[in-house]
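Listed below, chain by chain, are the residues.
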Amino acid sequence: MASRANPEAQERKLRSIYEALDNSANKKAVQLADRILKKQKDFVSIKGLKGLALLRMGRRDDAAAVIKEVRAVAQSEEATVQALTLYYRESAQPEELCRFYEDLVERNAPSEELLAQLFMSYVRVGNHKLQQKTALALHKGYPTKNPYYFWAVMSVFLQAHESADSIANTVYLPLAERMADKMVKEEKIEAEAEVRLYLMILLRLQRYERALDIVHSNLGNLFHSHEELITFEVQILQHTCRWKDLMSLYRTELNKNPENWSSWSGYMDALEKFLATEESAECEAEFTLPGFHQFITDVEEALQDVNRPAPKSRNLHLARLELIKRVMASQLLTAKCDSLVLPSLQEAILGYIEVFGGKPTCFNDVRQYLDILPADAQKSVLDTATATAHQASAACKEEDSTSVKVSAVCRQCLSVQLARYTGQHHTLSAEERRQLTQTLMQQHTEGLPLGKDLLSTDVQYVDNLPLLAAHILLDSVNHLDRSNEADLLRALVLLEHSLQASPSSSQLQLMALKLYCMAGAYDPCAIIFNQLQIKHFLLETIGYLWSGPVFGLGYFRSAAAVTQMMLGMNTETAEFLISAYRSGSFHKIIEIMNFKQDLQKSLQLATASALYQRVELLTKSHTIEEVVVRYQKTSPMVFPRVVAAQWRDLRDVRAMTSWAPAAEQMSDEQKKSSFELESVWVELRACLNRSVCCMCSAAATFTPATATASQTPAPAPATNGSTSAGAATTADNDDIDITYVPALGTPELAAKARTMDSGGLREAAELVGRIEKLCSQAAQHPGLRERYPIQGPHGTGLPAFLDGHHGNIHTAALIVAITTHNLLRPQQPGGSKNGSVADPVEAVRKSLEGMSADLEASSHVSEADQLDAVRKSLDGIASALEDGFARARAGLCVVDGDSRRFVGCGLEALVNVVDSLSSVVLLLSCANYFVTCSRGTSKKARKKKPTGVLGELLDLLSGAHIRLGDILSDVRAYADTTHKELVNKQLLSVPAAVIEQMPSEYSVAVEKVHKGITDSHQQALDAIRDVLDSKLRSFSAVRL
């Protein structure tokens, strides 16, 4: 091959495709590959890159076919191996990647690189036994390289980690110990990572004495960090309850480094546990409570001798505060005080503020101790801090020093923080709040020059001032009461103005993000999210702040991007494991694996999965065929068949700073309530999604009575003297009009649907009851309409969903589709209907409001009752959608003086209407398809009006089709008109008063807020309009 003969030419051709792939020009990459393959058909590397490009274009079937060809002939060329590795990783097929490397190892002489890649492929799937085997093969081939041997040891340790204790302690852990002992005896241990792993094994086997010997031996000298070695020694002493030795160790370490807070905290923990033992009755003075207090004094005096003037050691003062707090909380410690006289907690807090009140961290340091004080003592602390702040401000006039000015600003900020935390701001009037915010922003402006020498990535000394101002303004916003919405927008302007000077302040960004969501604008949130560069574990802990409202605000594309990012974390954790092996960070492997297990049970991941499917159904699945194809190609993780009730709440609901009183902070009870409601909402979404997919699957595999009549004639039961659907006959082949042959009748698609779910219709009927139960459970939850503190999560979409009766709309549409299938399915002798759920209307009859109450709870429901259920369901669907649309319109546009204003937070109601319309269109398309198939495909059958049950169903669905088409058109027209009014400024997104009243220095921030909110509302309406256009096209194409 020419390309092989000329490596430079080969590299040049590969580079052009690499560049196209790196620039996301996947179509261009495919064209370049085709051009090269036309001349060199056996250029395997180019074929592999073509398959990767096709995958990124979404052409999974074509990509799989190309990769299959490459796999058959692939050798160990780097470009080919890299292309296939990327393909299997991006297509979430780690098992196939393992098989690929196994094939390469069999075909080629096992090289170090191939075996290492094979090992890493086993890491991705968590096959620790094969990891062990491969690592030993690597060590055998390259015995001088220790890491390979310890890869095998770690693989054995992981088998113990995932086994029952009885097996782990008798099989795997002893084996791992023997393997590590062998290297110790042969003196072949060379690195800290190897010693760490040995200590991990010994600790797991509870061989503490042996582990302590290792720490004190020469192997302990391999640790690069003394603190890491001490951590192991601390663990061993804690496990063996050697509290005196542990306190002696802490004393030694604190004499070296008194600024290590973990050592102070650990010392006090050890002291408490030691004083609870009998040994403490007679012990040396240094192991008593007075001895600990004296130790603090000795360390402080030692620092004074070394550094003059007296040093300001925060941790020494905090140790005193913590000691006083623990003595107050523990009767045991109080009894052990003996002659020790401690200052009062109030005095200690005031002493701390006097020394460290000029530091930005002061409030966070004393917050937990303030909670213990009574209200009058808190007020006394506030008064003293305020007086100190005034003195510091006066000192600034006498001494022109940056450090003095920074200290004065921090003390001013501290006095406001304490006033807010003690509830003093609750008594302020609206005008007093605004005056206070103006004062704070003026101080912010005056304090900005103090940070002129800071790096752009540093936060300013005065960043807390605009945050406080925003919190104070939000006190007047009664959870987005429209009369006070102006204060919400003013707070946003203050935050945007502050971000100009401090673009790296995460607290300012998170606060702005939250307020934009409250204002119903998501576009600025997406910008802030990109600036924050949140990745990995932080997506789990604070991802809820921007992922929660994205769908309800109409940002469907952003919703898909956010959810894909969250779903991608599962793949990324495997790469973290590989990095840990390569770097020898064995102690991190267990942490990563535990995180991965937590991730699998994470509520945030479940939310992303359900939301991803919702977006797919709404924006990309407009026909039954598209639902079937997408559903068949989507992983079970994204389309959960069963929603488990074992999710874990990894959200950090206190990530945003708040200075509200302790009683008004986000409580554990509120977090629990939020978690329960989020769980119901996620499961409800998953059930809605699943029910649509099940019905589309049933439609794709539907075999009407007319299709079986020519093969196995079935008796046609008469209904009211008319001929039922089962009596129709199939037309001759030469009479078939191909324009009426349904697209879903293809054997390929039906086969795909059968592989998806063989019991789709039965499960859809069961999901009706489940949806009803979840809606009832949500409606009865006491926290349904509770508003959380500003740093808490957004509320769920459940209130708006229930208010719009969207659960009833969905179950009604399901009943129509299920009942239509039940009436038209083929019948077998004896009256049983083959391949469907028995009597689905009876199973779900209580789910539909308005259904006849006199339906008998028997094994048979008459066709008349079923038709009556369909009629009432269709009427209920249309009426509920019309009412929901009317409410959405009323909530979106309000009169504000002489102008009309668009209220972005009302978008959720309109999105719910559009979402329900999408589901109804798909479910009624299934019902239409059942009727269409039952009529037959011949021209003669089409020209003749059907009678009996089929005729009545056709009339009902035709009427519903017209009415739903009108609703779709009305909603589409409203979205278009409103969008044009926003563009032409006939409809305002931001009240004019807010723009006019803000000072001129905020003009840039005002314009940014105004543009961000207006553009967001326009883009949301544009996205809604695009969805409705697609739904209208697909709905209009339905032939009845």
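The model shown is predicted, which means the values in this text are computed figures rather than measured ones.

Trainee: Just checking my understanding: could you explain the overall build of the chain for this structure?
Mentor: Across its full length, the chain carries 48 helices and 2 strands. Counting across all 1040 residues of the chain, residues that qualify as buried make up 54%. A separation of at least 24 residues holds for 72% of the contacts in the chain among residues at least 6 apart in sequence. Of the roughly 46600 Å² that the chain leaves accessible, carbon and sulfur atoms contribute 50%.

Trainee: Could you clarify how one ought to interpret the side chain of glutamine 159 in this entry?
Mentor: Position of glutamine 159 among the secondary structure elements: in helix 10 (residues 146-161). Leave out the neighbours within four places in its chain, and glutamine 159 touches His128, Lys129, Gln132 and Tyr172.

Trainee: So what exactly am I meant to see when it comes to the packing of helix 34 (residues 603-619) against helix 44 (residues 907-935) here?
Mentor: Helix packing geometry: the angle between the two helix axes and the distance between the axes. Packing of helix 34 against helix 44 brings their axes to within 9 Å, and their N-to-C directions diverge by 70°. Put simply, helix 34 runs roughly perpendicular to helix 44. Considering how the two elements wind past one another, helix 34 and helix 44 form a crossing that is left-handed. Counted together, Arg614, Leu617 and Leu618 of helix 34 and Val914, Asp915, Ser918, Ser919 and Leu922 of helix 44 form the full contact between these two elements. Among the residues forming the contact of helix 34 with helix 44, the class breakdown is 4 nonpolar, 2 polar and 2 charged.

Trainee: Would you explain the packing of helix 32 (residues 569-583) against helix 33 (residues 586-600) in this entry?
Mentor: Where helix 32 meets helix 33, the axes come as close as 9 Å, and the angle between the chain directions of the two elements is 170°. One element, helix 32, and the other, helix 33, form an angle in the roughly antiparallel class. For the pair helix 32 and helix 33, contact is made by Met569, Asn570, Thr573, Phe576, Leu577, Ala580 and Tyr581 and by Phe586, Ile589, Ile592, Met593, Phe595, Lys596, Leu599 and Gln600, respectively.

Trainee: Would you mind showing me how to read empty space enclosed by the protein here?
Mentor: The rolling of a water-molecule-sized probe over the atoms marks out the regions of remaining empty space. For the coordinates displayed, the defined rule picks out 7 cavities of 30 Å³ or more. Approximately 90 Å³ is the volume attributed to the second largest cavity. Surrounding the second largest cavity, 13 residues form its lining, Pro360, Cys410, Cys413, Gln417 and Asn464 being those nearest its centre. Contributing elements (two or more residues each) for the lining of the second largest cavity: helix 21 (362-370), helix 23 (402-421) and helix 25 (464-474). With 5 residues, helix 23 is the single largest residue contributor to the lining of the second largest cavity. Of the residues belonging to the lining of the second largest cavity, the class tally is 10 nonpolar, 2 polar and 1 charged.

Trainee: Honestly, the environment of serine 262 in this entry has me stumped. Any pointers?
Mentor: Within the secondary structure, serine 262 sits in helix 16 (residues 261-275). With relative accessibility at 48%, the residue serine 262 sits in the partly exposed group. Separated by 53 residues in the primary sequence, serine 262 and asparagine 315 have C-alpha atoms spaced 9.7 Å apart.

Trainee: Sorry, what's going on with the environment of isoleucine 592 here?
Mentor: When you line up the elements, isoleucine 592 lands in helix 33. With a relative accessible area of 15%, isoleucine 592 lands in the buried category. Taking the C-alpha atoms as reference, isoleucine 592 lies 6.7 Å from leucine 577; in sequence the two are 15 residues apart.

Trainee: I would appreciate a short explanation of a positive patch on the surface in the present structure.
Mentor: A cluster of basic side chains, namely Lys28, Arg35, Lys38 and Lys39, defines a positive patch on the protein surface. Within the secondary structure, lysine 28 sits in helix 3 (residues 26-39).

Trainee: Explanation requested: the environment of glutamate 354 in the structure shown.
Mentor: Within the secondary structure layout, glutamate 354 lies in helix 20 (residues 345-356). Residues glutamate 354 and alanine 389, 35 residues apart in the sequence, show an inter-C-alpha distance of 10.0 Å.

Trainee: Just checking my understanding: could you explain the pairing of strand 1 (residues 893-896) for this structure?
Mentor: Each regular strand shows side chains that alternate between the opposite faces of the sheet. Taken together, the 4 bridges between strand 1 and strand 2 (residues 899-902) define a ladder with antiparallel strand orientation. In the strand pairing of strand 2, valine 894 is matched with arginine 901.

Trainee: Mind showing me how you'd approach the packing of aromatic side chains here?
Mentor: Ring pairs (aromatic) are described by centroid distance and by the angle formed between their planes. Tallying each qualifying case throughout the model produces 24 aromatic pairs. Here phenylalanine 274 and phenylalanine 287 contribute two aromatic rings whose centre-to-centre distance is 6.2 Å and whose plane-to-plane angle is 65°, an arrangement assigned as edge-to-face. Of this pair, phenylalanine 274 sits in helix 16 while phenylalanine 287 is found in the loop between helix 16 and helix 17 (289-306), placing the two residues 13 residues apart along the sequence. On the basis of relative accessibility, which here comes to 1%, the residue phenylalanine 274 falls in the buried class. Residue phenylalanine 287 is classed as buried on the basis of its relative accessible area of 5%. A ring pair is formed by phenylalanine 885 and tyrosine 974, whose centres lie 5.7 Å apart and whose planes are at 80°; its orientation type is edge-to-face. One end of the pair, phenylalanine 885, is in helix 43 (residues 863-892); the other, tyrosine 974, is in helix 46 (residues 948-983), and 89 residues separate them in sequence. Owing to a relative accessible area of 6%, phenylalanine 885 belongs among the buried residues under this scheme. Through a chain of ring-to-ring contacts, three or more aromatic side chains come together here, namely Phe119, Tyr148, Trp151, Tyr581 and Phe586.

Trainee: Hey, could you run me through the confidence of the model for the chain in this one?
Mentor: Interpretation of the predicted coordinates at a detailed level should be avoided for regions scoring low in pLDDT. Averaged over all residues, the pLDDT of the chain is 84; the fraction at 70 or higher stands at 87%. In this model residues 479-483 is a low-confidence stretch, pLDDT under 50, and it forms 9 contacts with partners more than four residues away in sequence or in other chains. A low-confidence stretch, residues 828-859 stays under pLDDT 50, and its non-local contacts, those more than four residues away or across chains, total 60 contacts.

The rules behind these values
- Residues numbered from 1 in each chain as written.
- Predicted model: local features only at pLDDT ≥ 70, side-chain atom pairs only at ≥ 80, totals over all residues.
- Heavy atoms only, no water.
- Helix = DSSP H or I, 4+ residues; strand = E, 2+ residues; numbered from the N terminus.
- Buried < 20%, exposed > 50% of the residue type's maximum accessible area, 1.4 Å probe, protein only.
- Contact = heavy atoms within 4.5 Å.
- Areas by Shrake-Rupley, 256 points an atom, 1.4 Å probe, with all protein chains shown as cover.
- Axes fitted to C-alpha atoms, helices over the stretch in contact; angles between N-to-C directions.
- Parallel < 35°, antiparallel > 145°, perpendicular 65-115°, else oblique.
- Left-handed = near helix turned anticlockwise from the far one by under 90°.
- Nonpolar A, V, L, I, M, F, W, Y, C, P; charged D, E, K, R; others polar.
- 1 Å grid on protein atoms, 1.4 Å probe; cavity = no way out; pocket = protein on both sides within 12 Å on 5 of 7 lines; lining within 4 Å.
- Points joined across faces, edges and corners; volume = space filled by probe spheres on them.
- Patch = residues over 30% accessible without salt bridge, like charges linked within 9 Å, V, L, I, M, F, W, Y side chains within 5 Å.
- Salt bridge = Lys/Arg side-chain N within 4 Å of Asp/Glu carboxyl O.
- Lys, Arg positive; Asp, Glu negative; His and termini not counted.
- Charge placed at Lys NZ, Arg CZ, Asp CG, Glu CD.
- Pairing = 2+ DSSP bridges.
- Phe/Tyr/Trp six-rings, centres within 6.5 Å; stacked < 30°, edge-to-face > 60°.
- pLDDT = per-residue confidence, 0-100.

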